[in-house]
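# Summary of structural features
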Amino acid sequence: MSSISIDRAALPYAMELCFAGAACYLRTNFSQLAVMLKGLSISTGDAAPSGFDMHVVVDESSEKGAGEPHFRGLHHVVMASFGSSNVFVFDILRRTLSGRVSEATARDSRFWKEKLIPITLGVLGPAMGLVPVHCACLELHGDGLLIAGVSGAGKSTLSVALSRSGFNYVSDDWTYLSQLDDGIVAHGTSSPVKLLPDAVEHFQVLRGRSLQISMNGELAYEEDIAETFGVRIETACVPRWLIVLERRQQAGAIFTPMTSTEARSYVSSSVERLPTQLQEAVAMREKTIESIASLPCWHFQYSGTPQFAAKELLEFAVRQKQEIFV
Amino acid sequence: MTEERRWHPDLLRRFASTPYVFGTRDCPNLPFVESNDLAIALSVSRSNIFRRQNNWGHAMLCKLIRDISAPVDGSEITLISNGALRVLFQGRGTILIHDRERSELLGFIAPGIRAQDLVSSLIPALLDE
């Protein structure tokens, strides 16, 4: 039996980090992990409204890397393991992540950037007023565009096409929204963009790239969007519009206004169900969802290429901005 | 679009139903047990392993899920303690959590772990501080 007691005195490397606008108070016994996570930390410049503790014990005798993920949760606790050497416990009420990892995993920056940090924000986020919403987010001259839609609707390919049409990229799949005194802010985590195999038809640059098995078992291209597509990344923005994406058979594109009731229902249905032990988190989340639903919202139905849809959305956003100033 | 709420699938198995319930929350010397497995519910409710653990003045809540889809991959036991929370992993599939402040014992039990093993060795190992 191995027994790990998370004792602050035994975790000498401590620092304050920031992910998606949430402060992360890291303590670990492995200096290289602290340095690597500092490199992934994204400071927003503002004081983080709330934060969480991350206590990680690195087992330097173990060289097994991250294995298959396994998740379970009950009441206020969620557990995640990635092979037997890497286990994590999320205490949502106390906003604490405790973990034991192998040295190989501690050194694996992709694991932390693409898996552990997004998962942590997804699990602990609701307790910090940070709502993970299944939508992409792009930014144009200071204004954020949230793009929701069911899996397969084309959010990621459209995010890439929009980023190559003048928008700045924030996120393509999960966006973290926090409620501040003067409105909501959308954050990305700089995770790689995940594109399904048919994206190669729209983006020549993917030819010759390798497909990978993503965490949900799908075969996909997982690309660093700035490196692969040469586009600009924004870490956060203020959302101004919500678009719900739908594919259609007929040629062309149509924008149909959505009521705030429809928008609230849509966003509510896309968030995770939380247990009764987390009523405070549920209440905070409802407030943020209310703010999202109060944005101007449209259904956007289109057929054709992501480049065509991006052109339509760019024109739409420019028109909307002009209407604000008229 | 309707107002009806559609939830994601319960991938964490947070909302697994627990039809077997024994005990009351008012009796400090007995556990209040909820499980989806009759053998687990009976074994835990009849055991006396919680008698010395009580510090809340009411029963320890035990919610234990027999997890038939959990991986069965090893017998190595890992214990992680942080503050009031102590978690035991046996392999990846069996996970037991003790929240000392909330007087709760929660867990997922992998196939192949007998109810008897749970009360005779795993829960005592978790509670033994």
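Residues numbered from 1 in each chain as written. Chains lettered and ligands numbered in written order. Predicted model: local features only at pLDDT ≥ 70, side-chain atom pairs only at ≥ 80, totals over all residues.

### Re the overall build of chain B
Convention followed: Secondary structure elements follow DSSP: runs of H or I no shorter than four residues count as helices, runs of E no shorter than two count as strands, and numbering proceeds from the N terminus. Any residue surrounded by 20 or more other C-beta atoms within 10 Å of its C-beta is treated as buried, while 12 or fewer makes it exposed and the intermediate range makes it partly exposed; C-beta atoms here are placed from the backbone. The contact rule is simple: place each C-beta atom from the backbone, and if two of them lie within 7 Å, those residues are in contact.
Across its full length, chain B carries 2 helices and 7 strands. Ordered by position from N to C terminus, the α and β elements of chain B give β-β-α-β-β-β-β-β-α. Across the 129 residues of chain B, 42% fall into the buried class. For chain B, long-range pairs separated by at least 24 residues make up 52% of all intrachain contacts whose partners lie at least 6 apart in sequence.

### Here's the deal with the environment of H55 of chain A
Within the secondary structure, H55 of chain A sits in strand β4 (residues 51-59). Since 25 C-beta atoms lie within 10 Å of it, H55 of chain A is described here as buried. Excluding anything up to four places from it in sequence, H55 of chain A contacts I6, L11, R27, T96 and S98 of chain A together with N82 of chain B.

### A few points about the confidence of the model for chain B
Where we set the bar: Every residue carries a pLDDT, the predictor's confidence in it, which falls somewhere between 0 and 100.
Here chain B averages 87 in pLDDT, and 88% of its residues register 70 or above. Taken over the whole predicted complex, pTM reads 0.89, whereas the ipTM for its chain interfaces reads 0.91.

### Quick notes on the packing of helix α1 (residues 31-40) of chain A against helix α3 (residues 109-124) of chain A
All names here are of chain A. Stated precisely, the cut-off is as follows: Only the stretch in contact is used when fitting a helix axis, every axis being a line fitted to C-alpha atoms; angles between N-to-C directions are given from 0 to 180 degrees. Each angle receives one of four descriptions, namely roughly parallel if under 35 degrees, roughly antiparallel if over 145, roughly perpendicular if within 65 to 115, and oblique otherwise. Note: crossing handedness is left-handed where the near helix turns anticlockwise from the far helix by less than a right angle, and right-handed where it turns clockwise.
Interhelical geometry of α1 versus α3 gives an angle of 60 degrees and a closest axis separation of 10 Å. One way to sum up the angle between α1 and α3 is to call them oblique. For the pair α1 and α3, the crossing hand works out as right-handed. Residues M36, L37 and L40 of α1 pack against S109, W112, K113 and I117 of α3.

### Let's talk about unusual backbone geometry
Residues other than glycine predominantly adopt negative phi, and peptide bonds predominantly adopt the trans conformation. All names here are of chain A. In this structure, H75 is a non-glycine residue whose phi angle is positive, near 50 degrees. Residue position: H75 is located in the loop between β5 (69-74) and β6 (77-82). On the basis of neighbour count, H75 is assigned to the partly exposed category, with 19 C-beta atoms found within 10 Å.

### Some details on the confidence of the model for chain A
Across chain A, pLDDT averages 91, with 97% of residues at or above 70. Confidence scores differ between elements of chain A, with strand β1 (residues 2-5) of chain A showing the lowest mean pLDDT of 81 and strand β7 (residues 87-91) of chain A the highest of 97.

### Side note on α3 of chain A
What counts is decided by this rule: Working definition for bend: take the seven residues up to and ending at a residue and the seven starting at it, fit an axis to each, and measure the angle between the axes.
By the largest-angle criterion, L116 of chain A marks the main kink of α3 of chain A, which is about 30 degrees, and a proline, P118 of chain A, follows within four residues. Within the span of α3 of chain A, buried status applies to W112, K113, L116, I117, P118, I119, T120, L121, V123 and L124 of chain A.

### A few points about the packing of helix α1 (residues 38-46) of chain B against helix α2 (residues 115-127) of chain B
All names here are of chain B. Worth spelling out the cut-off: Any residue that is not Ala, Val, Leu, Ile, Met, Phe, Trp, Tyr, Cys, Pro, Asp, Glu, Lys or Arg is counted as polar, Gly included; the first ten are nonpolar and the last four charged.
Following both chains from N to C, one finds α1 and α2 inclined at 35 degrees, their axes separated by 8 Å at the closest point. The hand of the α1/α2 crossing is right-handed. Facing α1, whose interface residues are A39, I40, S43 and V44, α2 presents A115, Q116, L118 and V119. Class assignment for the residues of the contact of α1 with α2 results in 6 nonpolar, 2 polar and no charged.

### Overview of the environment of H98 of chain B
Residues and elements named next belong to chain B. Within the secondary structure, H98 is located in strand β6 (residues 94-99). Along the primary structure H98 and E34 are separated by 64 residues, whereas in three dimensions their C-alpha atoms are 15 Å apart. Not counting residues up to four positions away in its chain, the partners in contact with H98 are R86, L105, L126 and L127.

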